[in-house]
Amino acid sequence: MKKLVELLHHVPVVVSSGSLSQEVSHITNDSRQVRENSCFVAIKGFKEDGSSYIKQAIKKGAKTIISRQKPDQQYKNITWVQVKDDRYAFSKLISSFYNKISDHFYTVGITGTNGKTTITTLVSAILNRQYSTAQIGTLGMSFKDFQMKTSLTTPEPSEIFKFLSEVHAQGCQFLVMEVSSVGLHLFRVEDIKFSQGIFTTFSGDHLDFHGTMEDYFQSKMLLFKKLQANDWAVINLDDPTAFKIIDLLNCKYLTYGFSKNADIRPISYKFTTDGIQAVIETPKGKLEVKSPLIGKINLTNILAATTSAVIKEISFDNIYAAIAETKPIRGRLDFIYKNDFSVLIDYAHTDKAIESLLVSLRDIVVGRLIVVFGAGGDRDKTKRPRMGEVASKYADYLIITSDNPRKEEPNAIIRDIVEGIEEGFDSMAQEPDRSKAIGKALDMANKGDIVVIAGKGHENYQIFKDKTIHFSDYEVVDKILKKRESHA
Ligand SMILES: Nc1ncnc2c1ncn2[C@@H]1O[C@H](COP(=O)(O)OP(=O)(O)OP(=O)(O)O)[C@@H](O)[C@H]1O
Ligand SMILES: [Mg+2]
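Below is a summary of the structure that appears in this document. (Residues numbered from 1 in each chain as written. Chains lettered and ligands numbered in written order. Predicted model: local features only at pLDDT ≥ 70, side-chain atom pairs only at ≥ 80, totals over all residues. Heavy atoms only, no water.)

Once that is clear, we can look at the overall build of the chain. Within the chain, the secondary structure is distributed over 16 helices and 26 strands. In terms of C-alpha radius of gyration, the chain reaches 24 Å, essentially the compact-globule figure of 23 Å for 488 residues. Along the first, second and third principal axes, the C-alpha set of the chain runs to 75 × 55 × 45 Å. In the chain, buried positions account for 57% of the 488 residues. (Helix = DSSP H or I, 4+ residues; strand = E, 2+ residues; numbered from the N terminus. Rg over C-alpha atoms; globule rule 2.2 N^0.38 Å. Buried < 20%, exposed > 50% of the residue type's maximum accessible area, 1.4 Å probe, protein only.)

Next up, the structure:
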């Protein structure tokens, strides 16, 4: 139990009614989780307005209501605090409730359009060799054997802080977390103290949420603006926005990339269907790496993780071992079949990601690149023709299909993608049924070809107008190949 007045220290309050000495047992923004003496933060969301759940929260035992709305006098024995910003207040309240536990962690935050999950996994494997390390991201929250799925890449402060206080009690003081631009924008990491910020790449995604590229860019910058003089930024010098970020840093930084000017860069490398071999130049000397991850993009991710490790002075032996043992993450440049031809599943669902994916695979493929992909419905439409354009630029054959059409007509989305395909490129088919599209790709694959199935990665559903069905690229490929074997 904590007194409300202590929790309100850093919260800009407009006006309050009721006693500020109210005891608070728990803080939540989800009325279903309210219990006796909870503080309910009624957040005005995009779909739902928390204030419509205030009655329900009070019924379940909430004694404190935090809201952007004016106090509502009709509730007896309830303390109502009107705040300027509900999400900001939520983060501050939670942080105070958990005694600013984040300040006791060495936290590495990773932001950018692509590569966050991969870099999070690598950095956490490296740090874990010397320090027990927790991780938070698209794959959930995990520490040692404990694993918990989360619905968001960057969860709400209530989830993050609860997790931190639990792992801290088990001796954990290191955290590696994926920080989404949406999470930054909505104050989900407002009270997370970062010691390192890693920047991956920047390109147009989530424009449906952020509106403009500038707004999206500024959201990502929030992580770097938080870094103080003794903290470190790790910047991808190959990305065109690198200098714009470096300009606004108030902390130390190191750069990584293929660029000759990067502090951490590869001096030799080889890519095959079995992985990466490279020698990396670092300010601490040359480091040899061997990784089962695939392609140039993953060497970029390895460079980012190496930079983070060098800053934390992790031994080269430990960096080498952690990189060697980090296997492809399900759904990210993951070869699920390697034989006369091979099949790779990847999560790339933006033009930039498709481009880097295909450029990476060009270094590896002997035969043709046959690419199956689509674009999501009810989401950023501007990326569709761009996806078509880059795919036709780097692939030998395209099969354009569906990827969660949602409320839109699958064929209409496909048409938007086709719109961007380079003139004269006609090695392609349109097949809205994703299983059939995959079947077609596998049918036409010959020796040396790589069939790339992009967009879904580890997802196991397909969302249509009227239903969501179970759908996994992995299972579909498996089924088709098994059927073939039994007929052979
Ligand atoms: N360094 C990189 N540069 C460009 N593309 C990358 C890079 N790393 C990974 N990708 C592409 O992005 C896809 C997603 O990778 P990853 O899951 O690591 O990124 P993420 O930033 O966590 O994505 P999300 O925003 O979906 O959480 C990969 O499957 C790959 O196609
Ligand atoms: Mg991710």
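Note on metal sites: the ideal angle is 109.5 degrees for four tetrahedral donors, and 90 or 180 degrees for six octahedral donors. Only Thr-117 (OG1), Thr-138 (OG1) and Glu-178 (OE) from the protein reach the magnesium ion (ligand 2) as donors, at distances of 2.1 to 2.2 Å. Motif for the magnesium ion (ligand 2), donor spacing along one chain: T-x20-T-x39-E. Taken together, the residues span a long stretch of sequence, with Thr-117 in helix H4 (residues 116-128) and Thr-138 in the loop between strand E9 (133-137) and strand E10 (140-143) at a distance of 21 residues. By relative accessible area, Thr-117 is classed as buried at 8%. (Donors = N, O, S within 2.8 Å, 3.2 Å for Na, K, Ca; no water.)

With that settled, consider the nonpolar core. Residues Ile-198, Leu-344, Leu-357, Leu-358, Phe-373, Leu-398 and Val-452 are the most contacted members of the largest nonpolar core, which totals 66 residues. With 7 residues, helix H10 (residues 295-311) is the largest single contributor of residues to this core. Excluding anything up to four places from it in sequence, Leu-357 contacts Ile-297, Leu-333, Leu-344, Asp-346, Ala-348, Val-452 and Ala-454. Core analysis: the next-biggest nonpolar cluster, separate from the first, contains 54 residues, Leu-8, Phe-105, Ile-192 and Phe-217 among them. (Core = buried A, V, L, I, M, F, W, Y, C linked by side-chain atoms within 4.5 Å. Contact = heavy atoms within 4.5 Å.)

Before going further, it helps to spend a moment on the sheet that holds strand E6 (residues 64-67). Sheet architecture is open: 5 strands sit in the order E2-E7-E6-E5-E4, paired in mixed fashion. Where the open sheet ends on each side, the last strands, each with one partner, are strand E2 (13-17) and strand E4 (26-28). The mean inter-strand angle of the sheet, taken between neighbouring strand axes irrespective of direction, is 15°. Relative to strand E5 (residues 38-42), E4 is paired through 3 bridges, and the arrangement is parallel. If you follow His-26 over to E5, its bridge partner there is Ser-38. (Pairing = 2+ DSSP bridges. Axes fitted to C-alpha atoms, helices over the stretch in contact; angles between N-to-C directions.)

A few words on the site of ligand 1. Taken together, 18 residues surround ligand 1, and among them Thr-117, Thr-118, Asn-301, Arg-332 and Asp-346 come closest. Within the side chain of Lys-116, a nitrogen or oxygen atom sits 2.8 Å from an oxygen atom of ligand 1. In this structure, an oxygen atom belonging to ligand 1 sits 2.7 Å away from a side-chain N or O atom of Thr-117. In the complex, 94% of the free accessible area of ligand 1, which totals 630 Å², lies under the protein chains. Within the residue set of the shell around ligand 1, elements represented by two or more residues are H4 and H10. At 3 residues, H4 tops the list of elements feeding residues into the shell around ligand 1. (Near = heavy atom within 4 Å. Polar contact = N/O pair within 3.5 Å; in protein donor to acceptor, adjacent residues only side chain to side chain. Areas by Shrake-Rupley, 256 points an atom, 1.4 Å probe, with all protein chains shown as cover.)

Before going further, it helps to examine the packing of H4 against helix H11 (residues 316-325). One way to put it is that H4 packs onto H11 with a least axis distance of 8 Å and a crossing angle of 135°. Considering the angle they form, H4 stands oblique to H11. Helix-helix and strand crossings are classified by hand; for H4 and H11 the assignment is right-handed. Along its contact with H4, which presents Leu-122, Ala-125 and Ile-126, the element H11 presents Ile-319, Ala-322 and Ile-323. In terms of residue class, the contact of H4 with H11 is made up of 6 nonpolar, no polar and no charged. (Parallel < 35°, antiparallel > 145°, perpendicular 65-115°, else oblique. Left-handed = near helix turned anticlockwise from the far one by under 90°. Nonpolar A, V, L, I, M, F, W, Y, C, P; charged D, E, K, R; others polar.)

Further remarks concern the pairing of E10. Of the two faces of E10, the one holding Gly-140 and Ser-142 and the one holding Met-141 and Phe-143 are both buried throughout. Note that E9 and E10 share 4 bridges and pair antiparallel. Looking at E10, one finds that Gly-137 is bridged to Gly-140. Hairpin connection of E9 to E10: 2 residues between the antiparallel strands.

Attention now moves to the packing of H4 against H10. In the contact formed by H4 and H10, the axes pass within 9 Å of each other and the chain directions differ by 40°. Judged by the angle between their axes, H4 and H10 are oblique. For the crossing formed where H4 meets H10, the hand is right-handed. Residues Thr-118, Ile-119, Leu-122, Val-123 and Ile-126 of H4 form the contact with H10, whose own contacting residues are Asn-298, Asn-301, Ile-302, Ala-304, Ala-305, Ser-308 and Ala-309. For the contact of H4 with H10, the residue count by class is 8 nonpolar, 4 polar and no charged.

A few words on helix H8 (residues 213-226). In this model H8 runs 21 Å from its N-terminal to its C-terminal C-alpha over 14 residues, within 8% of the 20 Å that 1.5 Å per residue would give. At Lys-220, H8 shows its maximal bend, which comes to roughly 30°. Here H8 has its buried residues at Tyr-216, Phe-217, Ser-219, Lys-220, Met-221, Leu-223 and Phe-224. (Expected span 1.5 Å × (residues − 1). Bend = angle between axes of the 7 residues up to and from the residue.)

To continue, consider the sheet that holds strand E15 (residues 252-256). Sheet strands pair by backbone hydrogen bonding; their relative direction is either parallel or antiparallel. Judged by pairing direction, the sheet is mixed, and its 8 strands sit side by side in the order E11-E10-E9-E12-E8-E13-E14-E15 without closing on themselves. The open sheet has two edge strands with one neighbour each: strand E11 (146-148) and E15. Strand-to-strand twist of the sheet, defined as the mean angle between neighbouring strand axes without regard to direction, takes the value 15°. Two strands pair when backbone bridges link them, and E10 and E11 are joined in this way by 3 bridges, in the antiparallel orientation. If you follow Ser-142 over to E11, its bridge partner there is Gln-147.

Our next topic: the side chain of Ser-67. Tracing the chain through its elements places Ser-67 in strand E6. In this structure Ser-67 comes out as buried when scored by relative accessible area, which is 2%.

What follows is about the environment of Ser-427. Among the structural elements, Ser-427 can be located in the loop between helix H14 (410-419) and strand E23 (428-430). Classification of Ser-427 as partly exposed rests on a relative accessible area of 26%. Note: C-alpha distance between Ser-427 and Arg-265 (162 residues apart in sequence) is 37 Å. Excluding anything up to four places from it in sequence, Ser-427 contacts Asp-396, Tyr-397 and Leu-398.

Scope: geometric values only; no functional claims are made or implied.
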